[in-house]
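Structure at a glance
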Amino acid sequence: MKRILVTGWCLPGDAKDGASYFVEKLARYYKSLGHHVEVFTLAKPEKLAFLGTPTPWKMYQQEHDGINYNIFCRPWGLLYTNPKNPLQSVRDERTERMWRELLNKNGGWDTIHFNDINPLSLIEIAKEAGVHVRYSFHNFFLLFPIEHLFSYSKYKENPYQDLTLYDHTGASAVEQYKALGTLGTISEAEEREIERQFDERLQYGRYLLREVIDEVLGAAPPYTVFVREVFECAFPHVIQTDFALTSPNGSLLDKTLIKTFENKLRVAKHSCEKFTQKYQRGGKKIFGVYSNVTVYKGHHLIIHELNQLADLAGEFEVRFYGHTDYDKGYVAFLQQLIDSSDFLKQHVRLMGGYQREALHAITEDTIASIGCSATSIGSAGGIYESLLEGNLPLFVEDYTMKRGLRLMDEHTNPSDLRTRRLTFDFNKSGDLARKLRLIITEEEDLLEWFDKSIQMYITGGTVEPDFKSVWQC
């Protein structure tokens with residue numbers, strides 16, 4: 001039995017967003033292998049109301065589902081970056097002091113699995129203590145603090161364009177924070193110093209990936225490609241796993257491979273039956289979007305495209321279901337877009353927040369789900385989960401897919417390529433509207449496309465030959 005500390009955003013029994021759901025699932029997975037597992041997270045006082053009146057700079061412990069949660073309360077949370085002091089997210093003396101104490105708790109740890117953390121120095125301190133360090137990409141915070149590489153300057157200039165930030169330097173970070181309005185009035189000398197600190201922060205993240213972290217587990221292809229091609233950081237020891245597709249209780253390893261595929265086939269059969277029932281029911285096509293409602297997810301791009309479907313009035317509806325992150329300012333902007341025309345008011349609905357356990361119910365009427373990501377990193381939200389509830393997925397053509405097609409174009413005639421996913425490109429005006437039209441009017445064989453999606457679910461996961469030893473530490 002090993003002692004394993006899973007580190008990232010997760011509070012015991014809290015409403016789950018993608019990051020917290022992953023951390024909790026990861027902890028249960030390690031526990032199912034017989035290890036002693038605990039969770040560590042950082043949280044602002046306002047996130048810890050369930051503890052009464054928490055005191056900043058104090059460690060709290062809570063048990064949930066047989067796993068102990070170590071929660072360090074401090075004035076700012078897990079992924080906070082002070083735009084005027086970028087290195088505060090690299091090193092913080094009080095947090096580091098607490099971390100060193102936790103590293104020695106009850107004899108120390110054999111493995112620490114980081115998902116997201118701040119300050120970044122906690123990773124290096126763990127390695128210096130002789131702990132085996134793992135890391136899972138959930139976003140790019142380790143390298144750059146602007147969430148999901150979203151360009152706020154592009155958004156303010158014209159929200160209906162490619163909003164991905166491809167230039168990652170101290171100067172580009174300052175540009176984005178200026179667009180956000182968080183820097184205020186600063187002198188030229190202060191601006192140059194902030195740029196210098198951001199460049200140092202980026203180099204520190206590259207150093208951690210290249211030289212400190214022992215393994216990068218479950219790195220999804222879009223993250224791997226972006227890190228290598230855009231951040232120019234060819235980190236070693238990347239292990240692709242199908243962890244994201246394993247059962248919530250983390251029981252993959254106590255089954256044979258045949259049992260695993262039998263379970264996938266059972267789920268696929270349920271999904272196919274639900275989709276067939278909806279398809280045969282006919283009537284208005286209802287699309288679902290399941291994602292945090294924030295500016296970098298691209299909901300406004302979807303609404304903008306719907307204006308091209310005015311000739312299909314009454315034949316479809318798009319429902320936006322938020323998750324735990326529901327940006328009020330962005331929601332107000334979306335509502336303004338919807339209210340701009342009677343057509344949109346009749347065909348778009350903002351449904352408020354939802355929790356994962358409600359996905360079964362809210363997908364009863366929806367026949368397809370639309371991927372959502374303004375930065376073309378990948379389809380956000382519950383698009384994979386909704387597939388298993390009988391929703392045909394319409395994926396964003398993400399950075400990885402575009403790179404793959406570009407490489408194939410060099411060696412393959414495009415007419416020989418056969419995609420296995422129904423996709424659209426946010427950066428090609430009208431592309432999403434065209435794909436929605438195909439679904440609404442059934443100009444494509446929807447049953448065939450759904451069959452392809454299910455095939456991807458059954459066979460698309462990457463399984464390491466030595467998968468069992470990877471997770472046994």
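In what follows, the structure referred to is the one given above.
Here the structure is a predicted model, which is why all the values come from computation and not from measurement. (Residues numbered from 1 in each chain as written. Predicted model: local features only at pLDDT ≥ 70, side-chain atom pairs only at ≥ 80, totals over all residues. Heavy atoms only, no water.)

**Brief notes about the sheet that holds strand β5 (residues 111-114)**
Counted only if it meets this: Any two strands with at least two DSSP bridges between them are considered paired. Working definition: helices are DSSP H or I runs of at least four residues, strands are E runs of at least two. Numbering for both runs from the N terminus.
Strand order in the open sheet formed by eight strands is β3-β4-β2-β1-β5-β6-β7-β8, and the pairing between neighbours is mixed. Both edges of this open sheet fall to β3 (58-64) and β8 (238-239), since each of them pairs with a single strand only. Relative to strand β4 (residues 67-73), β3 is paired through seven bridges, and the arrangement is antiparallel. Its bridge partner being in β4, Gln62 is matched across the sheet by Tyr69.

**Considering the nonpolar core**
Formally: The term nonpolar core refers to a set of buried residues drawn from Ala, Val, Leu, Ile, Met, Phe, Trp, Tyr and Cys, joined through side-chain atoms within 4.5 Å. A simple rule labels every residue: compare its accessible area, found with a 1.4 Å probe on the protein chains alone, to the largest value its type can have, and call it buried under 20%, exposed over 50%, or partly exposed in between. Two residues form a contact once any of their heavy atoms are found within 4.5 Å.
Formed by 130 residues in total, the largest nonpolar core has its most connected members in Phe40, Trp99, Phe114, Ile123 and Leu209. Residue contributions to this core peak at seven residues, all from helix α6 (residues 188-212). Phe40 has contacts with Leu5, Val6, Thr7, Gly8, Met59, Asn70, Phe72, Met98, Trp99, Leu102, Ile117 and Leu122, leaving out every residue within four places of it along the chain. Counting five residues, the second largest nonpolar core, distinct from the first, contains Tyr321, Tyr354, Leu359 and Ile362.

**So, the sheet that holds strand β10 (residues 316-322)**
On the basis of which strands lie adjacent, the open sheet formed by six strands has the order β11-β10-β9-β12-β13-β14 and parallel pairing. Because the sheet does not close on itself, it has two edges, and the strands there are β11 (348-353) and β14 (423-424). Note: strand β12 (residues 368-370) against strand β13 (residues 392-396), three bridges, orientation parallel. Each bridged residue has a counterpart across the sheet, and for Ile370 the counterpart in β13 is Leu394.

**Topic: the pattern of salt bridges**
The test is simple: The term salt bridge refers to a pairing of a side-chain nitrogen on Lys or Arg with a carboxyl oxygen on Asp or Glu at a separation within 4 Å.
Scanning all chains against the criterion turns up 24 salt bridges. Across the pair Glu24 and Arg28 runs a salt bridge, and its minimum N-O distance is 2.8 Å. With Glu24 and Arg28 both in helix α1 (residues 18-32) and four residues apart, the pair spans about one turn of that helix. On the basis of relative accessible area, Arg28 is assigned to the buried category, the value being 18%. We note a salt bridge from Arg192 to Glu191, for which the minimum N-O separation is 3.0 Å. Residues joined in a network through salt bridges with shared partners are Lys178, Glu188, Glu191, Arg192 and Glu195.

**What about the pairing of β4?**
Across the seven residues of β4, seven count as buried, placing the element largely inside the fold. Along β4, one buried face is formed by Ile67, Tyr69, Ile71 and Cys73 and the opposite face, lined by Asn68, Asn70 and Phe72, is buried too. Here strand β2 (residues 36-43) runs beside β4; their pairing, made up of six bridges, is parallel. Across the sheet, Val39 pairs through a bridge with Tyr69, a residue of β4. Between β3 and β4, which pair antiparallel one after the other, the connecting turn spans two residues, and Asp65 there sits at a positive phi close to 55°.

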